[in-house]
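Remarks on the overall topology
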Amino acid sequence: MRLSQFFMPTLRENPSEAQIVSHRLMLRAGMIRQSSAGIYSWLPLGFRVLKNIEQIVREEQDATGCQEVLMPTIQPAELWKESGRYEDYGKEMLRIKDRHEREMLYGPTNEEQITEIFRAGVRSYKELPKLLYHIQWKFRDEVRPRFGIMRGREFLMKDAYSFDIDQAGARRAYNKMFVAYLRTFARMGLKAIPMAADTGPIGGDLSHEFIILAETGESAVFAHRDLVEFDVLASDVDYEKDLQPIVDRWTSLYAATDEKHDKATFEAIPATKRVEARGIEVGHIFYFGTKYSAPMNAKVMDADGKEVAVHGGSYGIGVSRLVGAIIEASHDDNGIIWPDSVAPFDVGLINLRSGDGACDAAASDLYAKLQKAGMDVLYDERTESAGAKFATMDLIGLPWQLTVGPRGVKAGTVELKRRATGEKSELPVDAALNKLTASGAR
Ligand code: 5CA
């Protein structure tokens with residue numbers, strides 16, 4: 001993509017409405033545009049990151065055997081009356097009437113909708129277990145939408161739902177999601193710690209929040225320091241095997257959100273091993289048994305021919321929130337530092353002297369070769385000052401910057417900079433190309 005053609009309305013100044021760094025940087029980099037309170041449009045740069053995050057989430061869900069579906073954003077109120085949540089959900093639910101005066105709503109979550117789909121299609125325990133997910137926009141009329149897309153009113157969520165014949169089966173589904181979440185967040189360069197959590201309006205008696213430690217996080221969290229050091233991606237996971245040992249390892253040490261915090265247990269940990277911090281909730285998993293299946297009559301025949309309500313769980317990831325969470329975890333004074341796995345482009349190519357025949361030829365050649373090697377390139381061929389070009393590249397945080405300038409062109413070299421470390425090297429053109437392509441496009 002040529003930067004002169006790319007729609008990226010960057011801002012020079014810090015927008016005054018943004019209180020936290022991720023919101024500021026997303027606005028400054030032209031990633032999003034507010035439509036109304038807590039509701040945003042995603043512009044090309046932001047949308048690329050959102051889609052990359054969504055794809056990692058999808059791949060890790062698919063790896064567990066969870067199957068993707070797509071449910072509507074608008075749901076009929078009757079379903080929520082069946083489960084008993086229509087009144088309970090209160091003002092957070094956006095209620096709508098259609099032209100026939102039928103009560104509808106913009107889904108804040110999908111337990112009811114998926115339970116209806118399940119009960120219409122499954123009759124026997126032999127068809128279980130079932131694990132389904134979708135990635136869809138949700139609406140919650142939050143009292144205080146804030147921090148940009150971090151606490152929005154409209155936001156993109158991955159929500160998965162499990163159906164099992166008994167509690168032991170549901171626990172297996174819960175463990176699959178638990179492990180998949182660890183891997184999902186690690187692939188995005190995040191350290192997410194599972195913490196014992198409250199179940200709120202979703203209900204149930206077993207729940208973990210996945211929390212990224214960050215000063216600007218909305219929740220106070222308490223954890224054993226060793227959890228921060230645990231390695232996640234060391235080995236592949238076989239989701240057909242018993243995952244309880246992995247889950248036990250992660251839950252053997254203390255980690256709790258504010259609501260579940262037990263001061264005495266926490267203070268029994270040696271002081272040097274205690275982490276008391278703030279955190280961003282990027283995922284939340286629940287086991288709720290028959291909370292929805294019983295009132296909504298989602299029953300199957302068990303092995304004795306008896307009708308039983310299925311055991312369920314639901315498993316959410318804040319896909320759009322993750323864009324902000326990653327920036328909170330990875331930035332410096334100059335801007336965003338994207339992990340390779342979610343970056344909107346792999347490399348930013350800077351032509352320091354656009355209009356100069358030799359520089360233009362060298363940069364165009366590199367642009368073509370990088371693309372041919374499968375890399376996503378943002379090519380800055382504008383006639384701006386060198387300072388402005390470097391500042392833009394640092395702001396938007398692409399993992400690599402490759403600079404072509406008149407001095408280098410004469411010597412046959414280019415400058416390669418790693419955004420994360422700031423490390424620069426002057427390399428022969430081929431060596432730079434090799435280094436970049438070896439670093440691996442996504
Ligand atoms: N039905 C369950 C699990 S599928 C559920 O709705 N869980 S939740 O309420 O915890 O939401 C799941 C995830 O969505 C949260 O962990 C959080 O990362 C994200 N999320 C929740 N509310 C918002 C919001 N207002 N803005 C952005 N992301 C949000």
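Residues numbered from 1 in each chain as written. Predicted model: local features only at pLDDT ≥ 70, side-chain atom pairs only at ≥ 80, totals over all residues. Heavy atoms only, no water.

Before going further, it helps to examine the sheet that holds strand β4 (residues 74–76). Strand order in this open sheet of three strands is β4-β6-β5, and the pairing throughout is antiparallel. Looking at the sheet topology across the chains shown, the edges are occupied by β4 and β5 (94–97). In this sheet, neighbouring strand axes are inclined to one another by 35° on average, regardless of whether the strands run parallel or antiparallel. Looking at chain direction, β4 and strand β6 (residues 103–106) are connected through three bridges and run antiparallel. Bridge pairing in β6 places Ile74 opposite Tyr106. (Pairing = 2+ DSSP bridges. Helix = DSSP H or I, 4+ residues; strand = E, 2+ residues; numbered from the N terminus. Axes fitted to C-alpha atoms, helices over the stretch in contact; angles between N-to-C directions.)

Among the 10 residues that make up strand β7 (residues 130–139), eight are buried, leaving the element largely enclosed by the rest of the structure. The pairing of strand β3 (residues 67–68) with β7 spans two bridges and is parallel. Bridging across to β7, Glu68 finds its partner in Tyr133. The pairing of β7 with strand β8 (residues 154–164) spans 10 bridges and is classified as antiparallel. (Buried < 20%, exposed > 50% of the residue type's maximum accessible area, 1.4 Å probe, protein only.)

Lining the immediate surroundings of the ligand are 22 residues, of which Thr109, Glu111, Arg140, Gly152 and Glu281 lie closest. Interatomic distance of 2.5 Å between a side-chain N/O atom of Glu281 and an oxygen atom of the ligand. In the environment of the ligand, an oxygen atom lies 3.2 Å from a nitrogen or oxygen atom belonging to the side chain of His284. Protein contact buries 96% of the 600 Å² of open area that the ligand shows by itself. Only β8, β13 (274–289) and β16 (311–318) provide two or more residues apiece to the shell around the ligand. Sort the elements by how many residues they give to the shell around the ligand and β13 lands first, with five residues. (Near = heavy atom within 4 Å. Polar contact = N/O pair within 3.5 Å; in protein donor to acceptor, adjacent residues only side chain to side chain. Areas by Shrake-Rupley, 256 points an atom, 1.4 Å probe, with all protein chains shown as cover.)

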